[in-house]
Amino acid sequence: MKLVYVFDAYCGWSHGFSRTLLETTELHPALPVEVVSGGLFTGSRRVPIREFGYVQGANAKIAELTGAEFGEGYARLIADGSFVMDSSAAARGVAALRQAAPDRAAELATALQRAFYVDGHSLSDARTYRTVAEAAGLDAESVVAAFASPAAEAAALSDVNRAAELGVDGFPTLLAVDGERVTVLARGHATTDEVSRRLSALTTVS
């Protein structure tokens, strides 16, 4: 069995799920974790953030429910309103970080979300990946090069297809995958205890 985490780095609810994700991986270290990027802001949804009028209200709800932090850097982006979220670029970045440290994919995905939602760094900017890689003790030059590579673009597209194959149409979604059996452990929001109970039930059934 393994965990499959389908998220979007520009999704506030995914940011809110970060604590549950990390705690779950710490409690179940024997379970491999596959991190898959979605495509929340692509195509016609790549518009200035001001056009998503619900963002501030949603963020307040996410913070209240999960304790997630939304920092001053991010607040400045919201106030300005011209920033465009591009999930394809973010997915390339996730792929580059994942390639550098496959066993740390969940940790790096949450670090990337902090870079945006706390520090206000663009996930289309190679400098963001340099910063995240350096903080994680990775080879920053390799990560930056990977971010700009055709391989990362192909991996980003593959991720979107993988999410569709798994039947995921909302972020975040945490799955337990055991052969052909796919079980939803969390969708949108869940506590660590709730996820652990669902995992335990699967183990008992097995």
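Shown above is the structure to which this text applies.
Everything in this summary refers to the structure shown in the same document. (Residues numbered from 1 in each chain as written. Predicted model: local features only at pLDDT ≥ 70, side-chain atom pairs only at ≥ 80, totals over all residues. Heavy atoms only, no water.)

### Quick notes on the pattern of salt bridges
No. 1: Counting across every chain of the model gives nine salt bridges.
No. 2: Across the salt bridge formed by Asp86 and Arg46, the nearest N and O atoms sit 3.3 Å from each other. Of this pair, Asp86 sits in the loop between helix H4 (72–80) and helix H5 (87–100) while Arg46 is found in the loop between strand S2 (33–37) and helix H3 (55–66), placing the two residues 40 residues apart along the sequence.
No. 3: Residue classification places Asp86 among the buried positions, given a relative accessible area of 14%.
No. 4: Among the residues examined, Arg46 registers a relative accessible area of 41% and is labelled partly exposed. (Salt bridge = Lys/Arg side-chain N within 4 Å of Asp/Glu carboxyl O. Helix = DSSP H or I, 4+ residues; strand = E, 2+ residues; numbered from the N terminus. Buried < 20%, exposed > 50% of the residue type's maximum accessible area, 1.4 Å probe, protein only.)

### Describing the sheet that holds strand S4 (residues 181–187)
The strands making up a sheet associate through hydrogen bonds between their backbones, and the pairing can be parallel or antiparallel.
No. 1: If you walk across this open sheet you meet the four strands as S2-S1-S3-S4, and the pairing is mixed. Looking at strand neighbours, the two that pair on one side only are S2 and S4, the edges of this open sheet. Across the sheet, the mean angle separating the axes of adjacent strands is 25° when strand polarity is ignored.
No. 2: Bridge analysis of strand S1 (residues 2–7) against S2 gives five bridges, and the strand direction is parallel. Across the sheet, Phe7 pairs through a bridge with Ser37, a residue of S2.
No. 3: Relative to the sheet, helix H9 (residues 150–165) contacts S1 and S2, its axis offset from that of S2 by approximately 105°. (Pairing = 2+ DSSP bridges. Axes fitted to C-alpha atoms, helices over the stretch in contact; angles between N-to-C directions. Contact = heavy atoms within 4.5 Å.)

### Overview of the pairing of S4
No. 1: With six bridges connecting them, strand S3 (residues 173–178) and S4 associate as antiparallel partners. Residue pairing in the sheet places Thr173 in a bridge with Arg187 of S4.
No. 2: Taking the residues between adjacent antiparallel strands as the criterion, S3 and S4 are bridged by two residues, where Gly179 takes a positive phi near 65°.

### Comments concerning unusual backbone geometry
No. 1: Of note, the amide linkage connecting Phe171 to Pro172 takes the cis form, showing an omega dihedral of -5°.
No. 2: On the secondary structure map, Pro172 appears in the loop between H9 and S3.

### Describing the environment of Asp103
No. 1: Here Asp103 shows up in the loop between H5 and helix H6 (105–117).
No. 2: Judged by its relative accessible area of 80%, Asp103 falls in the exposed class.
No. 3: Considering only alpha carbons, one finds Asp103 and Ala9, 94 residues apart in sequence, at a separation of 18 Å.

### Brief notes about the nonpolar core
No. 1: Counting residues in hydrophobic clusters, the biggest one holds 50 residues, and the most contacted among them are Phe116 and Leu174.
No. 2: At eight residues, the largest contribution of residues to this core is made by H6.
No. 3: Apart from the residues within four sequence positions on either side, Phe116 is in contact with Tyr10, Tyr74, Leu77, Phe83, Met85, His121 and Leu123.
No. 4: With 10 residues, the next largest nonpolar core counts Cys11, Leu166, Phe171 and Val177 among its residues. (Core = buried A, V, L, I, M, F, W, Y, C linked by side-chain atoms within 4.5 Å.)

### Observations concerning H9
No. 1: Given a rise of 1.5 Å per residue, 16 residues ought to cover 22 Å, and the 23 Å separating the end C-alpha atoms of H9 matches this to within 8%.
No. 2: Of the positions making up H9, those classed as buried are Ala152, Ala156, Asp159 and Ala163. Axial view of H9: buried residues confined to an arc of 55°, hence all on one face. Opposite the buried face of H9, at more than 90 degrees from it, the exposed residues are Pro150, Glu153, Leu157, Ala164 and Glu165.
No. 3: Residues of H9 that are buried make contact with S1, S2, H5 and helix H8 (140–147).
No. 4: Phi for Gly167, located one or two positions after H9, is positive at around 80°. (Expected span 1.5 Å × (residues − 1). Arc of directions from axis to C-beta.)

Read these as geometric descriptors, not functional statements.
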